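# Remarks on the overall topology
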Amino acid sequence: MTTPKLRVLAEFIQHPEGPDLLPDGRVVFVETWTGLVKALDPASRRVDVIARTGGGPNACCVDADGDVLVTQNGGRWHLWTAEDPVPAGIQRVRLDGRVESVTSAIAGIACVAPNDLCFGADGRLYFTDPGAWFPPETRGRQQSHVFALDSTGAGEVIAELGDVYPNGIAASRDGVVWAESHTRLIKMWSGGSQVRTLAELPEGHVPDGLKFDCEGKLWITTVEAGVMDVLDLATGSITELACPYMPLNCVFVPGGVLVTDGGLFDPSADIVPRHGRLVMLETAIEGQPLFRGRVNNARDAEVPDSRGYW
């Protein structure tokens, strides 16, 4: 296993996720347990609050106008419940702090707990919705989805996947790729109804977030394994990079890969870890430029809140 140089940029963050780059060079990310969207200045390491979304923001990406789009899980995960739950769906956050709902349903299907999101090469917004969190003994009782939303607000179901927990999502010119945490599979959709499997990660490497580098390799954070897997799609080979403690998601920034780290889990302290970090894995490899697009509020009428069975 390779051990790259690691620098801690910020600490004591309550489940950092996201992340993405703002036009001014700051890194925007969400803090799930507090319902906040924040920004890090890598140079000064200063962290500022941009907005409060309420509920449980789970990831974010920047659109072509510099606004921040957020996957909102509604404010429930396993035994954790937010103080101010909100409808699950996609939110738009303006840099002046305004927050608005983009959608709570796609093609008549209610959002349950959207997880990660990205813009594709076609300008559409793609996002995963793994559904409610269930312990292993109760799995198999739900459907999970990958959705798309276009600039007019029209939505489409890209894939209905069963209880596999689609998690992180990224896009290349060839299609949209996502990670399935329960199966440890990395899958790709390139249009139509076909979804193909690209790789299965090693036992214990539960995939979460992912990004492409400039060479087309896929960098995958593996929850609780303390490892980032770099997948060469051409050969299927995987290079392991040490990345303690709980790597959740990542984004390429000047000088390396910024990782949102959930921190060490202390089961005696709380049901969720609350001392996450933002860390930098130093590397000369650059990331694939991220696609940017725009979405308007969805045309689909909002449907009743589906979170009652959590």
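To start, this report covers the structure provided alongside it. This structure is a prediction, so every number in the text was calculated from the model and none was measured.

Our next topic: the environment of Leu-22. You can see Leu-22 is positioned in the loop between strand 2 (16-21) and strand 3 (27-31). Looking at Leu-22, the relative accessible area reads 4%, which means it is buried. The residues touching Leu-22, leaving out its near neighbours within four places in the chain, are Val-28, Ala-39, Ile-50, Val-62, Gly-66, Val-68 and Leu-95.

Attention shifts here to the pairing of strand 26 (residues 247-253). Within strand 26, seven of the seven residues are buried, which leaves the element mostly enclosed by the surrounding structure. Across six bridges, strand 26 lies against strand 27 (residues 256-261) in antiparallel orientation. Note that in strand 27 the partner of Val-253 across the bridge is Gly-256. Hairpin geometry of strand 26 and strand 27 is characterised by an intervening segment of two residues between the two adjacent antiparallel strands and by a positive phi of about 100 degrees at Gly-255.

Formed by 29 residues in total, the largest nonpolar core has its most connected members in Leu-69, Leu-125, Tyr-126 and Trp-178. Every element with two or more residues in this core is listed here: strand 6 (57-62), strand 14 (117-119), strand 15 (125-129), strand 16 (145-149), strand 17 (155-160), strand 18 (166-172) and strand 19 (175-180). It is strand 16 that contributes the most residues to this core, four residues altogether. If sequence neighbours within four positions are ignored, Leu-69 has contacts with Ala-59, Cys-60, Cys-61, Asp-63, Gln-91, Arg-92, Val-102, Leu-117, Phe-119, Leu-125 and Val-295.

Scanning all chains against the criterion turns up five aromatic pairs. Considering the side-chain rings of Trp-219 and Phe-252, the 5.3 Å spacing of their centres and the 80 degrees angle between planes classify their relative orientation as edge-to-face. Of the two residues, Trp-219 is situated in strand 23 (residues 218-223) and Phe-252 in strand 26; the sequence distance between them amounts to 33 residues. Taken together, the ring pairs connect Trp-33, Trp-77 and Trp-80 into an aromatic cluster.

Counted under the stated rule, the structure contains zero disulfides. For the unlinked cysteine Cys-61, the closest cysteine sulfur is that of Cys-118, found at 7.2 Å. In this structure Cys-243 is not part of a disulfide, and its nearest cysteine sulfur, from Cys-250, lies 8.5 Å away.

Time to look at the sheet that holds strand 11 (residues 99-103). Two pairing modes exist for strands in a sheet, parallel and antiparallel, and in both the strands are linked by backbone hydrogen bonds. Reading across from one edge, 6-7-10-11 is the order of the four strands in this open sheet, with antiparallel pairing throughout. Either end of the sheet is taken by a strand with one partner, and the two such strands are strand 6 and strand 11. Averaged over neighbouring strand pairs, the angle between their axes works out to 30 degrees when direction is ignored. Examined bridge by bridge, strand 6 and strand 7 (residues 68-72) share five bridges and lie antiparallel to one another. Bridged to Val-62 within strand 7 is Val-68.

Let us now look at unusual backbone geometry. Residues other than glycine predominantly adopt negative phi, and peptide bonds predominantly adopt the trans conformation. Put simply, Pro-244 and Tyr-245 share a cis peptide bond, and its omega is 5 degrees. Mapped onto the elements of the fold, Tyr-245 is located in the loop between strand 25 (238-242) and strand 26. The backbone of Ala-107 shows a phi angle near 50 degrees, a positive value even though the residue is not glycine. Of note, Ala-107 is situated in the loop between strand 12 (105-106) and strand 13 (109-110). Residue classification places Ala-107 among the partly exposed residues on the basis of a relative accessible area of 46%.

Cut-offs used in this document
The residue numbering used here restarts from 1 in each chain and proceeds along that chain's sequence as written. The model is predicted, so local features are restricted to residues of pLDDT at least 70 and side-chain atom pairs to those at 80 or more, both for listing and for counting; the totals for chains, interfaces and linings are taken over all residues. Side-chain metrics in this entry use all non-hydrogen atoms of the structure; hydrogen atoms and water are not considered. The helix count covers DSSP runs of H or I at least four residues long, the strand count covers runs of E at least two residues long, and both are numbered beginning at the N terminus. The rule is simple: take the accessible area with a 1.4 Å probe, protein chains only, and divide by the maximum for that residue type; under 20% is buried, over 50% is exposed, in between is partly exposed. The contact criterion used is simple: two residues touch if any of their non-hydrogen atoms lie within 4.5 Å. Note on pairing: two strands pair once DSSP finds at least 2 bridges between them. Throughout, nonpolar core names a set of buried Ala, Val, Leu, Ile, Met, Phe, Trp, Tyr and Cys residues whose side chains join them through atoms within 4.5 Å. Pairing of aromatic rings covers Phe, Tyr and Trp, the last counted by its six-membered ring, and requires centre-to-centre distances within 6.5 Å; plane angles under 30 degrees mean stacked, over 60 mean edge-to-face, and any other angle means tilted. The term disulfide is used for any two cysteine sulfur atoms that are within 2.5 Å. Angles run from 0 to 180 degrees between N-to-C directions of axes, and those axes are lines fitted to C-alpha atoms, restricted for helices to the stretch in contact.

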